Amino acid sequence: MSFDIAAIRAQFPILSRQVHGKPLVYLDNAATTQKPQAVIDALVRFYSECNSNVHRGAHYLSDEATRRYEHARDVVANFLNANRREEVIWTSGTTEGINIVAKGMAERLQANDEVLVTELEHHANLVTWQQACKKAGATLKVAPILNNGALDQAAFAALLSSQTAFVAMPHVSNALGTVNPVQALTRTVREKSPRALVLVDGAQGVAHGDVNVQSIDCDFYAFSGHKLFGPTGVGALWGRYSVLEDWPVWLTGGEMIASVSYQDATWGALPNRLEAGTPNIAGAVGMAAAIEWFSALPLVEVKQHEAQLIERAVALGEEFDGLTLVGNAPEKIGVYSFNLNGIHPADVGFILDRQGIAIRTGDHCAQPLMKRLGVPGTARASFSIYNTIDEVEQLFIGLRKAKEMLS
Ligand code: PMP
């Protein structure tokens, strides 16, 4: 399949709507992506053809719902190149996946242990570890970035030791777009801290490239369906089987038990052991449809297209008087964070919105990172496969208007 931008856009019904009487220019893809018709249809089909609870019923619809739901798990396992399908745990999203790991880790951390995170973290991969360390009396260490927003890899390596029990890092920074060399960083962890477990926050990583958990060699990879053209409220946590096998249970209830008496209970096998209660069945089916849709695209051309969008934005930004780009790491995907001198990012967002252009403004759930960069927040345009060069140019026309009105 070749990369045909018009054909791709035509598959996203929302892209043809208007807001404030203007054609929508949707540049808030790091917050959530839009959904192609294939995903919308998969949700409608599930509810109209075979809605039923999974794993429980002795009837036709329940069997069919279970088949579709477990097929969705296979799709996620293949997408991540997991060794075994039981390594895929359904979650409500990246945040829940990280919390499952951090809550379990809090029970295992000792007072002398260290957990290493980076300055690039989203709060979901920072506050969780900060709180786990507090609970266990362990120490949280933070690997610094360079001024361009790239991770300082030498400093990261220097912070690793035999005391390091856990390392958590983002695949891609949501605030700056920096891509971390997660495979090389994990290798460094294995060399310097052999007992440490490694979690990669994949929320921003999955929609921009091929993820292979076996070659990254991490122990956990967490992501959300909604950043990958799938529904909200569903995601997956991948964990290495030998690590997940006896991971502390998270929620207790139906689905996750082997046997129960009034006095005690024993836990079932993976993956259900970490999936108490009725799951988001339609969400899982919709997420699998999104992965199948995305995986059918020609990845090299997708990457080229996104690179062209960010290159155009950077070039236009360089010509724009008073615009400061925030984050220009050499390895970076289509996140364009910036500030207009003397103008609050929220005001920039407001003026753009009136022109139909959706961006995000604020701290991007990365307050310590904003502090490190010396900015209260940024305006962030984030690109996806359906965005066009024309839309990037419209962003800058909108910014010129914002500058005229606000300065
Ligand atoms: N980590 C990163 C890097 C993110 O960008 C996000 C979402 N902005 C999250 C974690 C949390 O994802 P969710 O809200 O889908 O759980």
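Here's a quick rundown of the structure.

The rules behind these values
- Residues numbered from 1 in each chain as written.
- Predicted model: local features only at pLDDT ≥ 70, side-chain atom pairs only at ≥ 80, totals over all residues.
- Heavy atoms only, no water.
- 1 Å grid on protein atoms, 1.4 Å probe; cavity = no way out; pocket = protein on both sides within 12 Å on 5 of 7 lines; lining within 4 Å.
- Points joined across faces, edges and corners; volume = space filled by probe spheres on them.
- Helix = DSSP H or I, 4+ residues; strand = E, 2+ residues; numbered from the N terminus.
- Nonpolar A, V, L, I, M, F, W, Y, C, P; charged D, E, K, R; others polar.
- Domains from an automatic or database assignment.
- Core = buried A, V, L, I, M, F, W, Y, C linked by side-chain atoms within 4.5 Å.
- Buried < 20%, exposed > 50% of the residue type's maximum accessible area, 1.4 Å probe, protein only.
- Near = heavy atom within 4 Å.
- Polar contact = N/O pair within 3.5 Å; in protein donor to acceptor, adjacent residues only side chain to side chain.
- Areas by Shrake-Rupley, 256 points an atom, 1.4 Å probe, with all protein chains shown as cover.
- Pairing = 2+ DSSP bridges.
- Axes fitted to C-alpha atoms, helices over the stretch in contact; angles between N-to-C directions.
- Contact = heavy atoms within 4.5 Å.

Okay, the layout of surface pockets next. Put simply, the largest pocket is a space of about 530 Å³. Taken together, 26 residues line the largest pocket, and the ones lying closest to its centre are Val179, His208, Lys303, Glu331 and Ile333. Breaking the lining of the largest pocket down by element, the ones donating at least two residues are α7 (182-192), α8 (213-216) and α11 (299-318). In terms of residues, the lining of the largest pocket owes the most to one element, α11, which gives 5 residues. Looking at side-chain class alone, the lining of the largest pocket contains 11 nonpolar, 9 polar and 6 charged residues. Taken domain by domain, the makeup of the lining of the largest pocket includes at least three residues from each of domain 1 (5-30 + 298-406) and domain 2 (41-295).

If you look at the biggest cluster of nonpolar residues, it comprises 63 residues, and the most contacted ones within it are Tyr221 and Phe229. When residues of this core are sorted by domain, at least three fall in each of domain 1 (5-30 + 298-406) and domain 2 (41-295).

What follows covers the site of the ligand. Neighbouring the ligand are Gly93, Thr94, Thr95, His122, Ala124, Asn174, Asp201, Ala203, Gln204, Ser224, His226 and Lys227. Thr95 is positioned with one of its side-chain polar atoms (N or O) 2.6 Å from an oxygen atom of the ligand. Between the ligand and His226, the relevant distance is 2.7 Å, taken from an oxygen atom to a side-chain nitrogen or oxygen of the residue. Here the ligand loses 84% of its free accessible area of 400 Å² to cover by the protein chains. In terms of residue class, the shell around the ligand is built from 2 nonpolar, 8 polar and 2 charged.

This paragraph deals with the sheet that holds strand β8 (residues 197-201). Read across the open sheet, the 7 strands follow the order β4-β10-β9-β8-β7-β5-β6; overall the sheet is mixed. The open sheet has two edge strands, β4 (88-91) and β6 (139-143), and neither has a second partner. Taken pair by pair, the neighbouring strands of this sheet meet at an average axis angle of 20 degrees, ignoring direction. Pairing of β4 with strand β10 (residues 235-239), which is carried by 4 bridges, proceeds in the antiparallel orientation. Looking at the pairing, Thr91 lines up with Gly235 of β10. The strands touched by helix α4 (residues 94-108) are β4, β7 (164-170), β8, β9 (220-224) and β10; relative to β9, the strand with the most contacts, the crossing angle is about 150 degrees.

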